[in-house]
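Residue-level listing of the chains:
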Amino acid sequence: MSVLVVGLSHKSAPVAILEQAVVSGDTLAKLLRDVALTDPVAETFVVSTCNRVEVYADVDRFHAGVTAICELLARHCGVQARDLTAHLYVHYEDRAVAHLLAVACGLDSVVVGEGQIIGQVRSALKLAEEQGTVGRVLGELGRLALRAGKRARAETGIDRAGQSLVSVAIELAAARLADAAPVSGTPALAGRDVLVVGAGAMSTLAAITAGRSGAASIAVANRTRRHAERLAAKAGAAVVALADLGSALSGADLVISCTGADGYVITTDLVCAALA
């Protein structure tokens with residue numbers, strides 16, 4: 001048996017394709033089970049984030065494994081196979097192992113060294129264990145990857161350089177908002193009002209980072225109010241109804257949108273009305 005990875009990421013695919021390809025919840029669980037049931041696959045787990053979707057498998061036949069995984073990935077993520085395959089990459093045996101280690105260490109991230117990915121790999125392995133799709137081979141490989149990720153952060157300076165994409169975005173936004181050079185020791189978002197749209201993991205990180213950056217106020221808007229309330233409790237934020245998004249936009253200095261919506265949440269009309 002040999003380790004195979006078939007996937008796409010921010011390095012191989014445009015944002016539009018990545019957004020369509022991300023699988024989660026019941027769809028992710030179904031993908032895991034269906035891959036595991038294919039003839040060439042003995043074990044599998046899937047890393048699915050906003051920046052990558054990768055299927056790892058222990059296979060006995062390379063070409064049959066690649067074909068089966070490509071077909072199932074296209075079916076479950078809802079992207080036409082011809083549109084998906086142009087952006088897929090394949091790694092096998094040693095290269096597949098090296099790729100997973102690089103991913104867990106944050107070397108393949110949008111922001112090199114960011115810390116979220118190791119947790120995402122851990123969650124992928126946990127889900128595969130719960131679904132019964134991972135065994136000795138990929139289980140040991142996963143544990144090796146997690147140890148490598150921890151050592152990379154403990155023994156090198158990569159964790160100091162590698163902030164999350166949200167952290168970098170907030171820093172860049174704060175710099176654009178600054179009327180003058182920031183006073184030494186002053187938090188980046190001091191005195192600023194921040195609106196976070198969405199209530200998932202990225203939104204949680206955004207709200208907490210904004211709070212740590214000294215935001216004067218943080219508001220959270222989300223389709224499901226209880227999710228917004230849960231995030232607001234963590235970040236010391238207020239909750240805004242999604243129906244009141246327009247007025248919330250007009251009162252915000254910085255807007256951070258992290259949602260899983262299929263279409264646009266913040267539209268041109270909303271922005272124009274807020275600016276007016």
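Residues numbered from 1 in each chain as written. Predicted model: local features only at pLDDT ≥ 70, side-chain atom pairs only at ≥ 80, totals over all residues. Heavy atoms only, no water.

### Topic: the sheet that holds strand 6 (residues 217-222)
Here's step 1: With parallel pairing, the four strands of this open sheet are ordered in space as 7-6-5-8. The outermost strands of the open sheet, each flanked by one partner alone, are strand 7 (238-241) and strand 8 (254-257). Direction aside, neighbouring strands of the sheet carry axes that sit 25 degrees apart on average.
Here's step 2: Pairing geometry for strand 5 (residues 193-197) and strand 6, over five bridges, is parallel. Bridge pairing links L195 to A219 in strand 6.
Here's step 3: Across the sheet, helix 10 (residues 201-212) lies against strand 5, strand 6 and strand 8, angled at about 170 degrees from strand 5, the strand it touches most. (Pairing = 2+ DSSP bridges. Helix = DSSP H or I, 4+ residues; strand = E, 2+ residues; numbered from the N terminus. Axes fitted to C-alpha atoms, helices over the stretch in contact; angles between N-to-C directions. Contact = heavy atoms within 4.5 Å.)

### A short note on the environment of A104
Here's step 1: Turning to its location among the elements, A104 is positioned in helix 5 (residues 94-104).
Here's step 2: For A104, a relative accessible area of 0% translates into the label buried.
Here's step 3: Residues A104 and I208, 104 residues apart in the sequence, show an inter-C-alpha distance of 23 Å.
Here's step 4: With near-sequence residues (within four places) excluded, A104 lies in contact with I117, I118, A145, G149 and R153. (Buried < 20%, exposed > 50% of the residue type's maximum accessible area, 1.4 Å probe, protein only.)

### Describing the sheet that holds strand 3 (residues 52-59)
Pairing between sheet strands relies on hydrogen bonds along the backbone, with the strands arranged either parallel or antiparallel.
Here's step 1: What the four strands build is an open sheet, ordered 2-3-1-4; its pairing is antiparallel. Taken across any chain shown, the strands that pair with only one partner, and hence form the sheet edges, are strand 2 (41-49) and strand 4 (89-92). Adjacent strand axes in the sheet meet at a mean angle of 15 degrees, parallel and antiparallel pairs treated alike.
Here's step 2: Packing of helix 6 (residues 116-131) onto the sheet brings it into contact with strand 2 and strand 3, and relative to strand 2 it is tilted by some 140 degrees.
Here's step 3: Against the sheet, helix 7 (residues 136-155) makes contact with strand 1 (2-9), strand 2 and strand 3, and its axis sits at roughly 35 degrees relative to strand 2, the strand it touches most.

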